[in-house]
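# Observations on the three-dimensional arrangement
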2 protein chains.
Amino acid sequence: MPHPLAARIDAIEPFHVMRILERAHQLSAAGHDVIHLEVGEPDFATPQPIVDAGIRALQDGRTYYTPAAGIPALREAIAGHYWQRFGVKVDPARIIVTPGASGALLLALAALIGRDDEVLLTDPGYPCNRHFVALLEGRAVNIPVGPQTAYQLDETLLTRHWTPRSQAALVASPSNPTGTLLPNPAIARLNTAIRLRGGRLIVDEIYQGLVYDAPNETALAVSDELFVVNSFSKYFQMTGWRLGWLVVPTDYIPAIEKLAQNLFLSPPTVAQYAALAAFSADTHAIIEARRQILASRRDLLVAGLRRLGFSIPLMPEGAFYVWANCAALGDGEALAERLLEHAHVAITPGLDFCLHQPGDYVRFAYTTDADRIEEALLRVAKLIDARP
Amino acid sequence: MPHPLAARIDAIEPFHVMRILERAHQLSAAGHDVIHLEVGEPDFATPQPIVDAGIRALQDGRTYYTPAAGIPALREAIAGHYWQRFGVKVDPARIIVTPGASGALLLALAALIGRDDEVLLTDPGYPCNRHFVALLEGRAVNIPVGPQTAYQLDETLLTRHWTPRSQAALVASPSNPTGTLLPNPAIARLNTAIRLRGGRLIVDEIYQGLVYDAPNETALAVSDELFVVNSFSKYFQMTGWRLGWLVVPTDYIPAIEKLAQNLFLSPPTVAQYAALAAFSADTHAIIEARRQILASRRDLLVAGLRRLGFSIPLMPEGAFYVWANCAALGDGEALAERLLEHAHVAITPGLDFCLHQPGDYVRFAYTTDADRIEEALLRVAKLIDARP
Ligand SMILES: Cc1ncc(COP(=O)(O)O)c(C=O)c1O
Ligand SMILES: Cc1ncc(COP(=O)(O)O)c(C=O)c1O
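Residues numbered from 1 in each chain as written. Chains lettered and ligands numbered in written order. Predicted model: local features only at pLDDT ≥ 70, side-chain atom pairs only at ≥ 80, totals over all residues. Heavy atoms only, no water.

Naming follows an unreviewed UniProt entry, where chain A appears as Putative 8-amino-7-oxononanoate synthase of Parachitinimonas caeni. Entered under Cofactor (unreviewed entry) in the UniProt record, the comment concerning chain A runs "pyridoxal 5'-phosphate". UniProt, in its Sequence similarities (unreviewed entry) section for chain A, records the words "Belongs to the class-I pyridoxal-phosphate-dependent aminotransferase family." (UniProt positions renumbered as here; feature names shortened; annotations may be inferred.)

Listed below in structure tokens is the structure:
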């Protein structure tokens, strides 16, 4: 190993799914028909009205830096979205446009978590969260959560794990990898418990809008003392544009602005102008239709996996993931490898999302067509020798 | 102040020039003709071949995530650029595409600097560097440098400031704010001294290509044990696209790749496809012509400022900045304010770039037309009651 290397590097894991992706690529190149159920981004291209706005922005010469917190028009458009969609008033000054939810998570954690400070996370959860904490020399407290709490934190877990060094808890609703929600009454209880202890709640709403049964909510309706992370990546299908936002409590605006100035200079300019078209009626119609498609894919995939012997105790209510317990079928990592090699179906081993019992889980993403999902289910059935 | 707030936030300063920019904006809105000599980005829009490639990428639906280290074609194009332009062979696997040089600096420092580890920086220098270090809970050692060393580090300074906690030194050539270079023989001496001590040298080459008298060099010709930071922002005039790159020693590829995966997911996709056109002959002709324009602006501005009583001991050889000692004319911050209020000329106070004697300096950027620079010089002359 080279010298010097910061100690944190050992604590940061690569995405294990990258090996799967690479192997899938090799198999495709060798002429095999690989079905992709591992990919954490919508298969839909960015809606045309957004792409058109991006092209116009380029034609208009929008190629310079913008203010670090984003162009005022976009901050106002996001505030307008909260008002129109959720009836929640948010001061645009509290909305900081960022390079993806990734940028928003880094800003929020950098403002809250000093060295050795703790942040409470769910396990399973989005793995980058604990790696951001390692970057900041803080401590990620990875709390095992199960179906009893819909794979979310609750006050009991919070009380059990909160220490004098805890500064924040971070939850995601809908969650990656479980697709489960934390409804607003539960957010309110969690937020109260955290505020009582002098901490702050961060809610990652990157999959907001991608909910199939429950109402679409924002934690901003609960309190203006919490941090909300969001992004144009998933619901608006703008992954490659690298654009998200962070809503911060008023007190934190100066800290977050100077962090954004120094870490990012500015969010991508073309993406910001393109995103102005994300809240239009045209775009809305497109993404709502796509949401219906995702809902039916989910139903198909969950039913199929259950028939095959995967245990999915809770219907995932949002995002585009199924977190499936595969204990009855074997170790998750070995299963993912067998599925890829012999059935040419790519999925993500649980390992990428949890430290606790990683071998018992795999994640399926329904980011491919229903007929491909059906075909994948047939192949999996054949492989594990079960009835489809 | 809100609670909790990470201690690092106190150590991170906002860009003081933002106040100048805001006031300049107010003055413009009130009908005044403000001349901008404060802006750290080229006034030229992105060259048309790059913009056209960006538009084509959008038309082709390039809106998805890419590999975290960038699309292979771009990594190869950058390697090709090193070969064609500098005769240096660089393995594309060592080239990590990032969200701007900002992203590259964060990756390099995150891999090298753990808590309480030291990194040696020049003072004056690019202020974000020490703030990245604060993010990582490391220690920035801000070494006062003057005209004797061309505002750069040398082995004497290195030897004086290196401690057992030092892991790296970071230099920029051409430098912001001084425009001075660190030629390859000097890089070689510095690198040897650092490697002898078990540390690593990081060279920020973001202003590479923007040199006016001296040869255009890369530190990669010296050693493959150092880190090189670069960007499409300045020479290629792609600031708002947020695209840069980092060249790393082979040993560090796995560490840097997993950091990039976790912190950024991927660099902006449209920007990557657009940047493929950055190395074309068409683009080259455009940016070389612009470089000539910058050279003559520099000559005009430096001569004018010297006549007005600013002390500029070294002709800045690159970038688009003049670091002017204003001690004979008064405090730099007060001067910047007076110039803006009474002459409507916006410049950046030294405060933004140094901790040592900030009041003695101001930075002028020649990112505006020659006739505007002449007009600015006349206004400054009138204000300070000197002969232009
Ligand atoms: C829960 C969660 N948060 C944040 C992100 C970061 O996404 P982006 O930076 O593209 O907005 C992801 C991406 O998969 C995610 O699943
Ligand atoms: C010396 C130096 N390094 C890095 C950067 C970051 O630039 P970017 O992130 O746009 O590539 C700048 C921007 O002004 C700079 O002056």
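Moving on, there is more to tell.
## Focus on the relation of the copies chain B and chain A
Of the transformation superimposing chain B on chain A, the axial component is 0.0 Å and the angular component is 180°, with the fit at an RMSD of 0.0 Å. Look at the turn and shift together and you get a two-fold axis relating the two. When you check the interface residues of chain B against chain A, 100% turn up at the interface there too, and the contact is symmetric in its surfaces. (Least-squares fit on C-alpha atoms with pLDDT ≥ 70 in both. Contact = heavy atoms within 4.5 Å.)

## A word on the pairing of strand β2 (residues 95-98) of chain B
Residue and element names in this part refer to chain B. The alternating pattern of β2 places I95 and V97 and I96 and T98 on opposite faces, both of which are buried. Pairing of β2 with strand β8 (residues 244-247) involves four bridges; the strand directions are antiparallel. When the bridges of β8 are listed, I96 appears paired with L246. (Buried < 20%, exposed > 50% of the residue type's maximum accessible area, 1.4 Å probe, protein only. Helix = DSSP H or I, 4+ residues; strand = E, 2+ residues; numbered from the N terminus. Pairing = 2+ DSSP bridges.)

## Observations concerning the sheet that holds strand β12 (residues 361-365) of chain B
Residue and element names in this part refer to chain B. An order of β9-β12-β11 is seen for the three strands of this open sheet, with the pairing classed as antiparallel. Of all the strands in the sheet, just β9 (321-325) and β11 (348-349) have a single pairing partner and so form its edges. By the bridge criterion, five bridges tie β9 to β12 in an arrangement that is antiparallel. Looking at β12, one finds that Y321 is bridged to A365.

## Quick word on the nonpolar core
Core analysis: the biggest nonpolar cluster contains 288 residues, and F232, F310 and F364 of chain A together with F232, F310 and F364 of chain B have the highest contact counts within it. Non-local contacts of F364 of chain B, meaning those with residues more than four positions away in its chain, are made with L37, L301, L305, F310, F320, Y321, V322, A324 and I347 of chain B. (Core = buried A, V, L, I, M, F, W, Y, C linked by side-chain atoms within 4.5 Å.)

## Some details on unusual backbone geometry
All names here are of chain A. Looking along the chain, the bond that leaves S173 and enters P174 is cis, with omega of -10°. When you line up the elements, P174 lands in the loop between β5 (166-172) and α8 (184-196). Cis geometry marks the peptide bond from N176 to P177, where omega comes out at 15°. Although it is not a glycine, E137 sits at a positive phi angle of roughly 65°. Within the element layout of this structure, E137 appears in the loop between α6 (128-135) and β4 (139-144). Among the residues examined, E137 registers a relative accessible area of 11% and is labelled buried.

## Re the UniProt feature "domain: Aminotransferase class I/classII large" (unreviewed entry) in chain A
UniProt feature "domain: Aminotransferase class I/classII large" (unreviewed entry): in the numbering of this structure it lies at residues 33-377 of chain A. In residues 33-377 of chain A, helix accounts for 39% and strand for 15%; the two terminal C-alpha atoms are 14 Å from one another.

## A short note on the site of ligand 2
Close contacts around ligand 2 come from 15 residues, with Y65 of chain A together with S102, D204, S231 and S233 of chain B the closest. Residues within reach of ligand 2 are spread across chains A and B. Interatomic distance of 2.7 Å between a backbone N/O atom of A101 of chain B and an oxygen atom of ligand 2. Within the side chain of S231 of chain B, one N or O atom sits 2.6 Å away from an oxygen atom of ligand 2. Considered on its own, ligand 2 offers 400 Å² of accessible surface; in the complex 97% of this is hidden by protein. (Near = heavy atom within 4 Å. Polar contact = N/O pair within 3.5 Å; in protein donor to acceptor, adjacent residues only side chain to side chain. Areas by Shrake-Rupley, 256 points an atom, 1.4 Å probe, with all protein chains shown as cover.)

## Points about the pairing of strand β6 (residues 200-204) of chain B
Residues and elements named next belong to chain B. Among the five residues of β6, five are classified as buried, and the element is accordingly described as predominantly covered. On β6, burial covers both faces: R200, I202 and D204 on one face and L201 and V203 on the other are all buried. Direction of pairing for strand β5 (residues 166-172) relative to β6: parallel, over a ladder of five bridges. Among the inter-strand pairings, V171 is bridged to a residue of β6, identified as V203. Regarding the hand of the β-α-β motif, the stretch spanning β5, helix α8 (residues 184-196) and β6 is right-handed. Taken together, the three bridges between β6 and strand β7 (residues 227-231) define a ladder with parallel strand orientation. Opposite I202, over in β7, you have F227 as the bridge partner. (Right-handed = clockwise from strand over helix to strand, strands pointing away.)

## As for helix α2 (residues 17-29) of chain B
In a regular helix each residue adds 1.5 Å, so 13 residues correspond to 18 Å; α2 of chain B covers 18 Å between its end C-alpha atoms and thus fits that length. At its buried positions, α2 of chain B is contacted by β1 (35-36), α12 (332-343), β10 (345-346) and β11 of chain B. (Expected span 1.5 Å × (residues − 1).)

## Observations regarding the side chain of H131 of chain A
Note that H131 of chain A resides in helix α6. Judged by its relative accessible area of 2%, H131 of chain A falls in the buried class. Discounting residues that sit within four places of it in the chain, H131 of chain A has contacts with A11, I12 and E13 of chain A together with N262 of chain B.

## Description of the sheet that holds β7 of chain B
All names here are of chain B. With respect to topology, seven strands assemble into an open sheet ordered β2-β8-β7-β6-β5-β3-β4, the strand pairing being mixed. In this open sheet, the two edge strands, each paired with only one partner strand, are β2 and β4 (139-144). For this sheet the average axis-to-axis angle between neighbouring strands, irrespective of direction, equals 20°. (Axes fitted to C-alpha atoms, helices over the stretch in contact; angles between N-to-C directions.)

## Notes on the pattern of salt bridges
Under the definition given, this model contains 40 salt bridges over all chains. The closest approach of N and O atoms between R139 of chain A and E118 of chain A, which form a salt bridge, is 3.9 Å. Taken together, the residues span a long stretch of sequence, with R139 of chain A in strand β4 and E118 of chain A in strand β3 (residues 118-123) at a distance of 21 residues. Of the charged contacts in the structure, one is a salt bridge between R297 of chain B and D369 of chain B, with a shortest N-O distance of 3.5 Å. (Salt bridge = Lys/Arg side-chain N within 4 Å of Asp/Glu carboxyl O.)

## Re the packing of helix α3 (residues 48-59) of chain B against helix α11 (residues 281-307) of chain B
All names here are of chain B. At a closest axis distance of 8 Å, the pairing of α3 and α11 adopts a crossing angle of 135°. With respect to each other, α3 and α11 are oriented oblique. Here α3 contributes Q48, P49 and I50 to the contact with α11, which in turn contributes D282, T283 and I286. The residue makeup of the contact of α3 with α11, split by class, is three nonpolar, two polar and one charged. (Parallel < 35°, antiparallel > 145°, perpendicular 65-115°, else oblique. Nonpolar A, V, L, I, M, F, W, Y, C, P; charged D, E, K, R; others polar.)

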